[in-house]
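# Residue-level structural notes
As a plain string of letters, each chain reads:
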Amino acid sequence: MAAHLALLCLQADGRLTPSRSAGQAVRAGGLVDLVLAGRLVEEADAVDLLPGPEAGPVAEGLVAEVDADPGRPLADLVERGRTGLAEAAGELVGRGLWVARASLLPWRPDRYRPADPSSSRSALAPAVAVPTGGADPAPERAATAVLATVAGLVDGRFAEADERLLAACGPAEWVTRMAAEVITVSRRWHDSLGTTTIADLGTPW
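Let me sum up the structure you'll find in this document. Every chain begins its residue count from 1, and numbering advances along the sequence as written. Confidence filtering applies because this is a predicted model: local features only for residues at pLDDT of at least 70, side-chain atom pairs given and counted only at 80 or more, and all residues used for totals across whole chains, interfaces and linings. Heavy atoms throughout the structure, all of them, feed into the side-chain values; hydrogens and water do not.

Before going further, it helps to spend a moment on helix α7 (residues 139-150). The terminal C-alpha atoms of α7, which comprises 12 residues, lie 17 Å apart, in line with the 16 Å expected from a rise of 1.5 Å per residue. The complete set of buried residues in α7 reads Ala142, Ala143, Thr144, Ala145, Val146, Leu147, Ala148 and Val150. Under the DSSP-based scheme used, a helix requires at least four consecutive residues in state H or I and a strand at least two consecutive residues in state E, with every element numbered from the N terminus. Phi for Gly152, located one or two positions after α7, is positive at around 75°. Helix span, expected: 1.5 Å multiplied by one less than the number of residues in the helix. Partly exposed residues are those whose accessible area sits between 20% and 50% of the maximum for their type, while under 20% is buried and over 50% is exposed, using a 1.4 Å probe and protein chains only.

What follows is the structure in structure tokens.
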């Protein structure tokens with residue numbers, strides 16, 4: 001799922017969006033991947049990280065960050081973890097969905113292009129939005145829609161998380177809800193104050 005969200009972060013010029021919210025959404029997607037793999041479990045008074053099958057480079061990067069600092073809140077990991085778009089881009093190149101275009105200038109970031117037009121942002125973004133009515137989407141699709149919406153990855157506009165989609169996230173509802181709130185509050189504080197973050201506010205996730 002983290003890789004799916006990263007597909008929505010490729011700009012028309014081939015660069016990854018510099019948006020803070022984009023990186024946060026990709027990290028949140030990595031946490032959802034861990035939940036759906038049965039490796040991140042919410043208990044009554046704690047969150048447990050369990051061994052199990054690999055859940056992708058973003059998810060494993062987050063696991064490494066947790067191992068290095070076991071007491072780190074998940075909210076802080078979503079907001080300003082080191083893992084994110086770079087790991088997701090590497091996965092997409094490795095899977096053949098993106099082709100890397102290395103920069104010859106060290107101060108400019110690498111660029112990418114979709115290997116197939118069907119995996120471009122312009123082709124994928126309209127399909128992220130889930131229509132109202134009908135059956136609820138699968139948990140992964142619902143979580144993707146929620147995170148892409150609050151991070152402004154669908155059409156560049158930020159929106160609140162949809163309660164119906166949050167409920168459709170099933171076992172990943174708790175982590176998707178937490179991440180959506182982190183992204184939303186972080187963006188609002190960053191826009192208004194510039195430096196204050198949700199982690200500075202002591203949110204107890």
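What follows is about the environment of Leu85. Mapped onto the secondary structure, Leu85 falls in helix α5 (residues 85-94). The sequence separation of Leu85 and Ala22 amounts to 63 residues, and the corresponding C-alpha distance is 8.0 Å. Working rule for contacts: check all heavy atoms of both residues, and any pair within 4.5 Å makes them a contact. Not counting the four nearest positions on each side in its chain, Leu85 is found in contact with Ala6, Cys9, Leu16, Thr17, Ala22, Gly23 and Val26.

So, on to the nonpolar core. Buried Ala, Val, Leu, Ile, Met, Phe, Trp, Tyr and Cys residues that are joined via side-chain atoms within 4.5 Å together make up what is termed a nonpolar core. Residues Val26, Leu31, Leu40, Val78, Leu147, Leu153 and Val175 are the most contacted members of the largest nonpolar core, which totals 58 residues. No other element matches helix α2 (residues 20-36), which puts 8 residues into this core. When residues no more than four places from it in sequence are discounted, the contact partners of Val26 are Ala2, Leu5, Ala6, Cys9, Val58, Gly84, Leu85 and Ala88.

For every element, the axis is a line fit to its C-alpha atoms; helices are fit only across the contacting stretch, and the angle between N-to-C directions ranges from 0 to 180 degrees. Packing of α2 against helix α3 (residues 57-68) brings their axes to within 8 Å, and their N-to-C directions diverge by 90°. With respect to each other, α2 and α3 are oriented roughly perpendicular. Contacts between α2 and α3 involve Val26, Arg27, Gly30, Leu31, Asp33 and Leu34 on the former and, on the latter, Val58, Ala59, Leu62 and Val63. Among the residues making up the contact of α2 with α3, the classes are represented as 7 nonpolar, 1 polar and 2 charged. Angles are sorted into four bins: roughly parallel if under 35 degrees, roughly antiparallel if over 145, roughly perpendicular if 65 to 115, and oblique for all others. Gly is put with the polar residues, along with every residue not named as nonpolar or charged; the nonpolar set is Ala, Val, Leu, Ile, Met, Phe, Trp, Tyr, Cys and Pro, and the charged set is Asp, Glu, Lys and Arg.

A word on the packing of aromatic side chains. The geometry of an aromatic ring pair comes down to the distance between the two centres and the angle between the two planes. We call Phe, Tyr and Trp rings a pair once their centres come within 6.5 Å, taking the six-membered ring for Trp, and we label the pair stacked below 30 degrees between planes, edge-to-face above 60, and tilted otherwise. Taken as a whole and assessed by the stated rule, the structure comprises 1 aromatic pair. Taking 5.3 Å as the distance between ring centres and 35° as the angle between the ring planes, the aromatic pair formed by Trp98 and Tyr112 counts as tilted. Note that Trp98 is positioned in strand β3 (residues 98-101) and Tyr112 in strand β4 (residues 111-114), a separation of 14 residues in sequence. When its relative accessible area of 2% is taken as the criterion, Trp98 is described as buried.

Now for helix α6 (residues 121-128). Of all the positions in α6, only Leu124, Ala125 and Val128 are classed as buried. Along the axis of α6, the buried positions cluster into a sector of 110°, meaning they face one direction only. Along α6, exposed side chains directed more than 90 degrees from the buried face belong to Ser122 and Pro126. In the core, the buried residues of α6 are packed alongside α1 (2-7) and α7. Directions pointing from the helix axis toward each C-beta atom define the arc.

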